[in-house]
Amino acid sequence: MLNKNRLRIAIQKSGRLSQESIKLLTKCGIKINLKQQQLISFSENMPIDVVRVRDDDIPGLVMDQVVDLGIIGKNVIEEESLRRNIDPKKILYTILQRLDFGSCRLSLSIPISQKYINLKSLNNFRIATSYPYLLKKYLDQKKINFNFFILNGSVEVAPSAGLSDAICDLVSTGATLEANGLKEVEVIYSSTACLVSRTGDVSDIKKILINKLMTRIQGVIKARE
Ligand code: PRT
Ligand code: ZN
């Protein structure tokens, strides 16, 4: 049975944000016993439950009010939010705090040999991406005509495999692009991990707990600067 007074936080189970998310919560003084395969872990010292899932599930868990908070890449929650705009559903989350990890950019990249002057060079290109809504928003604003298809892995291989003219993918060091003979030509979105909250009614007990957690998170970030 769910205890309504316990704060539920969703974090990535395994991936680029998971260790940093756990580290942050631990530094905030939350004692969590994280057993490998467990979906939900209960804090021993605070009324907080940690739900560990794939990062793609976190926006939905927050927006559908299954959890109170989530730690997620801004890119992932923004993509889901754009996707939901098509539905009559409202945007249902608030960014409480940008975090000091998971920094990356969503960029357009093309083969190194390809000439690039400006965005118009991409007119009528076929672009492979895992982020169709962020891509469409950006290129529509810039009035660039394009086709896209979705790849949820190995995006960087699409041009050399002859599947696409360009890619729109996350970049951090640029090593993946370089290894695949690609060059970054436009940054369309900058991201970091962030702490997001659901909207809607929250009990006073939870509000106090969220404020306490926020103060601690800000303290941890400040100490790391
Ligand atoms: O299994 P699950 O679905 O939970 O995880 P996932 O595989 O979908 O996501 P994951 O763990 O790869 O990334 C989680 C989040 O980390 C992303 O949504 C971003 O917010 C953030 N992040 C930060 C990154 C990167 N940096 C990053 N470099 N996510 C992915 N990459 C990939 C990129 O897609 C490309 O393949 O790393 C490669 C490029 O890296 P560089 O260093 O070679 O440029
Ligand atoms: Zn994912």
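Residues numbered from 1 in each chain as written. Chains lettered and ligands numbered in written order. Predicted model: local features only at pLDDT ≥ 70, side-chain atom pairs only at ≥ 80, totals over all residues.

By the naming in an unreviewed UniProt entry, the protein is ATP phosphoribosyltransferase, taken from Buchnera aphidicola. Under Catalytic activity (unreviewed entry), UniProt gives the following word-for-word description of the protein: "1-(5-phospho-beta-D-ribosyl)-ATP + diphosphate = 5-phospho-alpha-D-ribose 1-diphosphate + ATP". Within the UniProt record for the protein, the comment given under Subunit (unreviewed entry) is "Equilibrium between an active dimeric form, an inactive hexameric form and higher aggregates. Interconversion between the various forms is largely reversible and is influenced by the natural substrates and inhibitors of the enzyme." (UniProt positions renumbered as here; feature names shortened; annotations may be inferred.)

Undergrad: Sorry, what's going on with the sheet that holds strand S1 (residues 7-12) here?
TA: The mixed open sheet is built from 6 strands, whose spatial order is S2-S3-S1-S4-S11-S5. Each of the sheet's edge strands pairs with one partner strand only, and the pair in question is strand S2 (40-42) and strand S5 (93-98). Averaged over neighbouring strand pairs, the angle between their axes works out to 30° when direction is ignored. Alignment of S5 against strand S11 (residues 193-198), held across 5 bridges, turns out to be antiparallel. Among the inter-strand pairings, Gln97 is bridged to a residue of S11, identified as Leu195. The strands that helix H1 (residues 18-27) touches are S1, strand S3 (48-53), strand S4 (69-73) and S11; relative to S1, the one it contacts most, it runs at about 150°. (Pairing = 2+ DSSP bridges. Helix = DSSP H or I, 4+ residues; strand = E, 2+ residues; numbered from the N terminus. Axes fitted to C-alpha atoms, helices over the stretch in contact; angles between N-to-C directions. Contact = placed C-beta atoms within 7 Å.)

Undergrad: Got a minute to help me understand the nonpolar core in this structure?
TA: General note: in soluble globular proteins, nonpolar side chains tend to be found buried as a group. Ranked by internal contacts, the top residues of the largest apolar core, which has 29 residues, are Ile9, Ile72 and Val196. Those residues in contact with Val196 that sit more than four places away from it in its chain are Val62, Leu69, Gly70, Ile72, Ile77, Tyr93, Thr94, Ile95 and Leu96. Formed by 16 residues, the second largest nonpolar core is a distinct cluster that contains Leu106, Leu135, Ala166 and Leu182. (Core = buried A, V, L, I, M, F, W, Y, C linked by C-beta atoms within 7 Å. Buried ≥ 20, exposed ≤ 12 C-beta atoms within 10 Å, placed from the backbone.)

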